[in-house]
Amino acid sequence: MAILDIIEYPDEALRQVSRPVQVFDSALRGLVEDLFETLAHSAAIGLSASQAGVLEQVLVVHVPGDDYGPQVYINPEIVKTARLGIVEESCLSVPGIVGNVMRPTQVHVRARDANGQQFERALGGMHAVALQHEMDHLDGVLFVDKLSWFRKLRLKWTASRAAREALATS
Ligand code: NI
């Protein structure tokens, strides 16, 4: 087990598209354990392998206190979605940024577990939202891409103001 280093925005590695997992072996199970351990040591509720530089379709979600517990989704596909909502998101790879994103809040997902066993599951709430956020990572998409142009402008302004203030106080 190991805590993995998380790649941060604007590193181009976050824009890579992940491959489906073909081989469900002990190396894959080791990766899944490392992702769970890394997630447990963070304040986040989800993590994709691509955030640790491994371009395979593997992600973990754990929303503390929800009914699902810690879950791994390998080669996930969304089969059905419902109830579009606006949810507040953040990301380990984009530290310090919080923004509202519009997403379905209920999804039906088909995926495989670490042994290659396929399963289907209906998900709701933050678990469903986190799953979709992590699936975006597998496509090289970040939640900040989904913010409105106005919000993006404010983020830029906030970032440049923070940089100015950091200069002023250093
Ligand atoms: Ni993220």
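See above for the structure.
Residues numbered from 1 in each chain as written. Predicted model: local features only at pLDDT ≥ 70, side-chain atom pairs only at ≥ 80, totals over all residues. Heavy atoms only, no water.

Here we take up the overall build of the protein chain. Counting its secondary structure elements, the protein chain contains 3 helices and 5 strands. Scanning the protein chain from its N terminus toward the C terminus, one meets helices and strands in the order α-β-β-β-β-β-α-α. Here the protein chain holds 170 residues, and 39% of them are scored as buried. When contacts within the protein chain are restricted to residue pairs at least 6 apart in sequence, long-range pairs at least 24 apart make up 63% of them. (Helix = DSSP H or I, 4+ residues; strand = E, 2+ residues; numbered from the N terminus. Buried < 20%, exposed > 50% of the residue type's maximum accessible area, 1.4 Å probe, protein only. Contact = heavy atoms within 4.5 Å.)

Put simply, Y9 and P10 share a cis peptide bond, and its omega is 5 degrees. As for its placement among the helices and strands, P10 is situated in the segment before α1 (26–40). Positioned with a positive phi, R83 is a non-glycine residue whose angle comes to about 55 degrees. In this structure, R83 sits in strand β3 (residues 71–91).

As a further point, take the environment of E77. One can find E77 in strand β3. For the pair formed by E77 and Q132, sequence separation is 55 residues and the distance between their alpha carbons is 9.8 Å. In this view, E77 contacts H108, V109, R110 and M135; residues no more than four positions away in its chain are not counted.

Strand order in this open sheet of 5 strands is β1-β2-β3-β4-β5, and the pairing throughout is antiparallel. Each having just a single partner strand, β1 (46–48) and β5 (118–124) make up the two edges of the open sheet. Within this sheet the neighbouring strands show an average axis-to-axis angle of 40 degrees, counted without direction. Two strands pair when backbone bridges link them, and strand β4 (residues 94–112) and β5 are joined in this way by 7 bridges, in the antiparallel orientation. Of the residues in β5, the one forming a bridge with R110 is E120. Set on the sheet, α1 makes contact with β1, β2 (58–61) and β3; between it and β2 the angle comes to about 35 degrees. In the packing of helix α2 (residues 125–138) onto the sheet, contacts are made with β1, β2, β3, β4 and β5, and the angle to β3 comes to roughly 115 degrees. (Pairing = 2+ DSSP bridges. Axes fitted to C-alpha atoms, helices over the stretch in contact; angles between N-to-C directions.)

The next subject is the side chain of Q71. Tracing the backbone shows Q71 in strand β3. In this structure, Q71 is in contact with F36, L59, V60, V61, R121 and H127, ignoring residues within four places of it in sequence.

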